[in-house]
Amino acid sequence: MRTNVNLWWIIAVFSFVIAAVYTVWSLLQHGGVEWVGTVALAFLGLMSSMIAFYIGRVLKAQRGDLPEDILTADIDDGDPEMGEFSPWSWWPIVLAASAAIAVVGLAVGSWLVPVGFAVFVVAIVGWVYEYYRGYFAR
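Bear in mind that the values here come from a model prediction, so they are computed numbers and not experimental data.

## A look at the packing of helix α1 (residues 2-30) against helix α2 (residues 35-61)
- Between α1 and α2, whose axes approach to 8 Å, the crossing angle comes to 160°. It follows from the interaxial angle that α1 and α2 lie roughly antiparallel. Crossing handedness for the pair α1 and α2: left-handed.
- A class-by-class count of the residues in the contact of α1 with α2 yields 18 nonpolar, nine polar and one charged.

## Re the packing of aromatic side chains
- Taken as a whole and judged by the stated rule, the model has three aromatic pairs.
- On the numbers, 6.4 Å between centres and 90° between planes, the contact of Trp-88 with Tyr-131 is edge-to-face. Of the two residues, Trp-88 is situated in the loop between α2 and α3 (91-107) and Tyr-131 in the segment after α4 (112-128); the sequence distance between them amounts to 43 residues.
- For Tyr-131, a relative accessible area of 16% corresponds to the buried category.
- Pairing Phe-117 with Phe-120 gives two aromatic rings, centres 6.2 Å apart and planes at 25°, and the pair type is stacked. You can see Phe-117 and its partner Phe-120 sitting in helix α4, three residues apart, about one turn around the helix.
- Phe-117 gets classed as exposed once you look at its relative accessible area, which sits at 55%.

Criteria and cut-off values
- For every chain, the first residue of the written sequence is number 1, and numbering continues from 1 along that sequence.
- Local features in this predicted model are restricted to residues whose pLDDT is 70 or higher, and side-chain atom pairs enter the listing and the counts only when it is 80 or higher, whereas totals over whole chains, interfaces and linings include all residues.
- With hydrogens and water set aside, each side-chain value is computed from the structure's full complement of heavy atoms.
- What counts as an axis is a line fitted to C-alpha atoms, over the stretch in contact for a helix, and the angles between N-to-C directions run from 0 to 180 degrees.
- Secondary structure elements are defined from DSSP: runs of H or I of at least 4 residues count as helices, runs of E of at least 2 residues count as strands, and each element is numbered from the N terminus.
- Throughout this description, any angle smaller than 35 degrees is read as roughly parallel, any larger than 145 degrees as roughly antiparallel, any in the 65 to 115 degree range as roughly perpendicular, and the remainder as oblique.
- Two helices that cross are described as forming a left-handed crossing if the nearer one is turned anticlockwise from the farther one by less than a right angle, and a right-handed crossing if clockwise.
- When residues are sorted by character, Ala, Val, Leu, Ile, Met, Phe, Trp, Tyr, Cys and Pro go into the nonpolar class, Asp, Glu, Lys and Arg into the charged class, and all the rest, Gly among them, into the polar class.
- In summary, the pairing rule links any two rings of Phe, Tyr or Trp, Trp by its six-membered ring, whose centres are within 6.5 Å, and it sorts them by plane angle into stacked for under 30 degrees, edge-to-face for over 60 and tilted for everything else.
- Whether a residue is buried, partly exposed or exposed follows from its accessible area with a 1.4 Å probe, protein chains only, as a fraction of its type maximum: under 20%, in between, or over 50%, in that order.

Here it is in structure tokens:
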């Protein structure tokens, strides 16, 4: 994780330097600032700075590297409780299909968007309540 923070800060500094070089080069070559490239490179530096800052704050909040981040750590070193997952569940596939139907509806015809939304509602309800009925009911 510490390496990621340093890498993102390097990318941010590099982006700001390249934005300055690009602006000077544009001034020398064309006599004016080429705003699209200058703003894009400056925003790349800003976004990289935001990511580096966020990863740095997360690293500081968790008080160092987690066992998952250390290359020499064993599997047993981490937290064993990762949550409850349903490897047999088909509802995530239905949920992805609903998103696909909605996106195709935006591209092809707007009448498909409500169909995708209806499939989305059915998929969410089915996924949430899959442990309350049927063979896996508790």
